[in-house]
Amino acid sequence: MQSGLFSLDSFKTELPGTEPFKDGSIDIPASICAKALLLFQLIDSSVPTGGFAHSNTVEAAHQLKLISPSTYTLLHHIWDVLLNCISSGLPFLLQSAHLMRNFEAESGDIMDSERTMILNELQKSVIHQWMELDSKCDANITSHVMRRASSIQGSGMLRAYAAAFPSIALSLKVLKRHLMKSIAMEGRERGHIPTIFGAICGLLQLDDATVASMFIYTNARDMVSAAVRMNLVGPLEGGTLIHQLCQKGSVVIDEVLCSREGLTFDSISAHQVAPLVEIVSVISLFLVVCMISIGLSSWQTL
């Protein structure tokens, strides 16, 4: 076998600043490349969170003939939804990330011998604060359809990212256990997208700008993907739409973060800015029921 930069032997050599584990693998230190790969995994559309099946009012708006090339374009509708996500979801997202980021930083300094006992005490306080935040997020979602979809996707995120990131799996499993207990006792939808995704990003020590950017991108991507599946736009035009939406979204996020520089986001600032989106989200359930009824009636007449 030839030796050289790209030979098999070169990959067995220890990298500078790394230490091999007992199983022979190498612990590569955090870097810009490692962070970028982490972000790609977080926003990967193949992660089974359930977002691919939820159009976030795009289908309902199309069925109601609200979307029109001349008056109310698909770009305008998706932008209205994104503005609603920023104003109503971003405060919960960033407050959840801040809460878990501080928890992970404090727990990281604990010695292994004391870790279990002290973590239990920290978790009681942090979990209580996080559950209150998620309860406020639940109350802020006015549509029962959106509330249900948000809870289902949040649960999918917990399951998927607990498997993908073993370093935070224990914290996510504890979080899920408390959520399941709360759902069983209260009978309400819990574990919504903003608070769940914020908690995951906080545990991974991601900054606010990165967390907010990923939140906006994934929402825009899912809605445009739904539009492509419905043949409202083609794949190439869909890519152009995502680029336009992300450009506009980045400007708004920068303004929001700059206006609150040095301050912690408070859920009390969450509000709705697009009432039409809220109305369409409620109607979407009735549209699905009507389509199912029409389909059953057609099938019975055959």
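Residues numbered from 1 in each chain as written. Predicted model: local features only at pLDDT ≥ 70, side-chain atom pairs only at ≥ 80, totals over all residues. Heavy atoms only, no water.

**Details of the overall build of the chain**
The condition that has to hold: Secondary structure is summarised from DSSP: a helix means a run of H or I of at least four residues, a strand means a run of E of at least two, and numbering begins at the N terminus for each. Here, residues are in contact when the closest pair of their heavy atoms is within 4.5 Å. Only the protein chains shown count as cover for residues, with accessible areas throughout obtained via the Shrake-Rupley method and a probe of 1.4 Å.
Assigned secondary structure in the chain consists of eleven helices and two strands. If you list the helices and strands of the chain from N to C, you get α-β-β-α-α-α-α-α-α-α-α-α-α. Of the contacts formed within the chain by residues at least 6 apart in sequence, a portion of 76% connects residues at least 24 apart. In the structure as shown, the chain presents an accessible area of about 17,000 Å², 62% of it carried by carbon and sulfur atoms.

**Looking at empty space enclosed by the protein**
Selection rule: Two kinds of site are reported from a 1 Å grid over the protein atoms alone, namely cavities, where a 1.4 Å probe fits but cannot get out, and pockets, open sets with protein on both sides within 12 Å along at least five of seven lines, and residues are called lining when an atom falls within 4 Å of a point. Grid points are joined across faces, edges and corners, and a volume is the space filled by probe spheres set on the points. Amino acids are sorted into nonpolar (Ala, Val, Leu, Ile, Met, Phe, Trp, Tyr, Cys and Pro), charged (Asp, Glu, Lys and Arg) and polar (every other residue, Gly among them).
Scanning the entire structure with this criterion turns up one cavity of 30 Å³ or more. One number sums up the size of the largest cavity: a volume of about 40 Å³. Together, Met100, Phe103, Gln123, Val126, Ile127, Ser171 and Leu175 line the largest cavity. Elements with a minimum of two residues in the lining of the largest cavity: helix H4 (74–107), helix H5 (112–140) and helix H7 (166–186). Split into classes, the residues belonging to the lining of the largest cavity amount to five nonpolar, two polar and no charged.

**So, the side chain of Ser151**
The criterion, for reference: Buried, partly exposed and exposed residues are distinguished by accessible area as a fraction of the type maximum, computed with a 1.4 Å probe on protein chains only: under 20%, between the cut-offs, and over 50%, respectively.
Within the fold, Ser151 resides in helix H6 (residues 144–164). A residue is classified by how much of its surface remains accessible, and Ser151, at 7% relative accessible area, is buried. When residues no more than four places from it in sequence are discounted, the contact partners of Ser151 are Glu189, Arg190, Gly191 and His192.

**Considerations on the packing of aromatic side chains**
Threshold: Pairing of aromatic rings covers Phe, Tyr and Trp, the last counted by its six-membered ring, and requires centre-to-centre distances within 6.5 Å; plane angles under 30 degrees mean stacked, over 60 mean edge-to-face, and any other angle means tilted.
A full pass over the atoms with the stated rule returns one aromatic pair. Seen from their ring centres, Tyr161 and Phe165 are 5.9 Å apart, and the 25° between their planes marks the pair as stacked. No difference in accessibility class separates Tyr161 from Phe165, as the two residues are buried.

**Re unusual backbone geometry**
The residue Thr57 is not glycine, and still its phi comes out positive at about 80°. Position of Thr57 among the secondary structure elements: in the loop between helix H2 (32–42) and helix H3 (58–63). We classify Thr57 as buried; its relative accessible area is 4%.

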